[in-house]
Amino acid sequence: MKETILIIEDEEDILALLSSLLESEGYTIITATNGLKGLQEFQAHKPGLILSDVRMPVMDGIEVLKKVKTRETDTEVIILTGHSDEATAIDCLRLGAYDYFRKPLEDIDVLLTAVSRVFEKRNLEQKNRSLVRQLAELSTKDPLTGLYNYRHLQTCLDEEIDRSRRYGHSFFILMIDADHFKNINDAHGHLFGDYVLKKLGQLISTELRSTDRLFRYGGEEFLVIMNELSKTEVVNAVNRQLAFIRNHTFIYEGQKAKATVSMGGAFFPEDADDKVSLIQAADQALYRAKEAGRDRFECCFNLPDLPSEPKLETPIMEKVDSHR
């Protein structure tokens, strides 16, 4: 894709020269004859570089530079100035201009080199920002499921506990564990097992509110942080999750399986008043759900009876036609 340059210049001969020269170098050129029009073109096209004269009618180049640098943009600015304006050009450098050139433009090759370096610098900075984002994501996301990881969970729990103590509200954590997951791996292999874990994360996410946060806790376990939820709302949400997963058929590479999950949860600060105790309370509730037959939910408060549905003590697994 061609890089875009905006030239703001009120002298027609210089404007024509620069436009022709830079177009021949493969750049897309936009022009304006005063600072106000130049700023409008900048807002409309977001060029990678602005070549701007200093002294112009309506709005001068210094004002253009100031306004561009207040935007969240990586657009660079090169200032064009007469001999008598060199002090002004230096002030422009202090305001964030990339470089300046004196008119008349005697050494075009130097200008072309500066333009080329602007885009090299810009592209390098964009790549660096992308790498920083990727590193940040790697530090907070689980590579298999794409969910937030255990490390980020610890940070979020600390923040949530701080908010809860500061504002006096409660929150709920829900631990979710895939039932008989080893059987799935043994019967179909780890690639199928990885698919089931990834799909489980997607299924759980589908039934969550936009304010809920889902994490891969480790292995075949997940954890959800849920804010501003009553006990009745917890039970309703859990019922939906259990049924949704129970009724789903996992299909991958010509194989299919039915699976269920067990869930356990606890409220902060009602059931525990620190992070370790909160996770322990939810984990103990999850263990009780496993001991009570799986495909169910246990918590630290009394629950109404869950709707009775067929339980799957082991996943139903079978081969299917890979062409279907």
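The structure contained in this document is the topic of the report that follows. In this text, all values refer to a predicted model and were calculated from it rather than measured experimentally. (Residues numbered from 1 in each chain as written. Predicted model: local features only at pLDDT ≥ 70, side-chain atom pairs only at ≥ 80, totals over all residues. Heavy atoms only, no water.)

Let's talk about the pattern of salt bridges
- Per the counting criterion, the structure on display carries 23 salt bridges.
- We note a salt bridge from arginine 240 to glutamate 207, for which the minimum N-O separation is 3.7 Å. In this pair, arginine 240 sits in helix α9 (residues 231-246) while glutamate 207 sits in the loop between α8 (190-206) and β7 (213-218), placing the two residues 33 residues apart along the sequence.
- The exposure class of arginine 240 is partly exposed, given its relative accessible area of 42%.
- The partly exposed category is assigned to glutamate 207, whose relative accessible area is 24%.
- Between aspartate 212 and arginine 209 there is a salt bridge, with its nearest N and O atoms 2.7 Å apart.
- Taking the relative accessible area as the measure of exposure, aspartate 212 reaches 9% and is therefore buried. (Salt bridge = Lys/Arg side-chain N within 4 Å of Asp/Glu carboxyl O. Helix = DSSP H or I, 4+ residues; strand = E, 2+ residues; numbered from the N terminus. Buried < 20%, exposed > 50% of the residue type's maximum accessible area, 1.4 Å probe, protein only.)

A short note on the side chain of lysine 290
- Secondary-structure assignment places lysine 290 in helix α10 (residues 275-291).
- Within the structure, lysine 290 has its side chain in polar contact with the side chain of aspartate 179 (distance 2.7 Å).
- Sequence-distant contacts of lysine 290, that is, excluding residues within four places in its chain, are made with Asp177, Ala178, Asp179 and Ser262. (Polar contact = N/O pair within 3.5 Å; in protein donor to acceptor, adjacent residues only side chain to side chain. Contact = heavy atoms within 4.5 Å.)

Some details on the sheet that holds strand β2 (residues 28-32)
- Read across the open sheet, the 5 strands follow the order β2-β1-β3-β4-β5; overall the sheet is parallel. At either end of the open sheet lies a strand with only one pairing partner, and these are β2 and β5 (99-103). Across this sheet, the average inter-strand angle for adjacent strands is 20 degrees, counted without regard to direction.
- Of the pairings in the sheet, the one linking strand β1 (residues 4-8) to β2 comprises 5 bridges and is parallel in character. Its bridge partner being in β2, isoleucine 7 is matched across the sheet by threonine 31.
- Of the strands in this sheet, β1, β2, β3 (49-53), β4 (76-82) and β5 touch helix α1 (residues 12-24), which is tilted by about 170 degrees from β2.
- Helix α4 (residues 86-94) rests against β4 and β5 of the sheet, and its axis sits at about 165 degrees to β5. (Pairing = 2+ DSSP bridges. Axes fitted to C-alpha atoms, helices over the stretch in contact; angles between N-to-C directions.)

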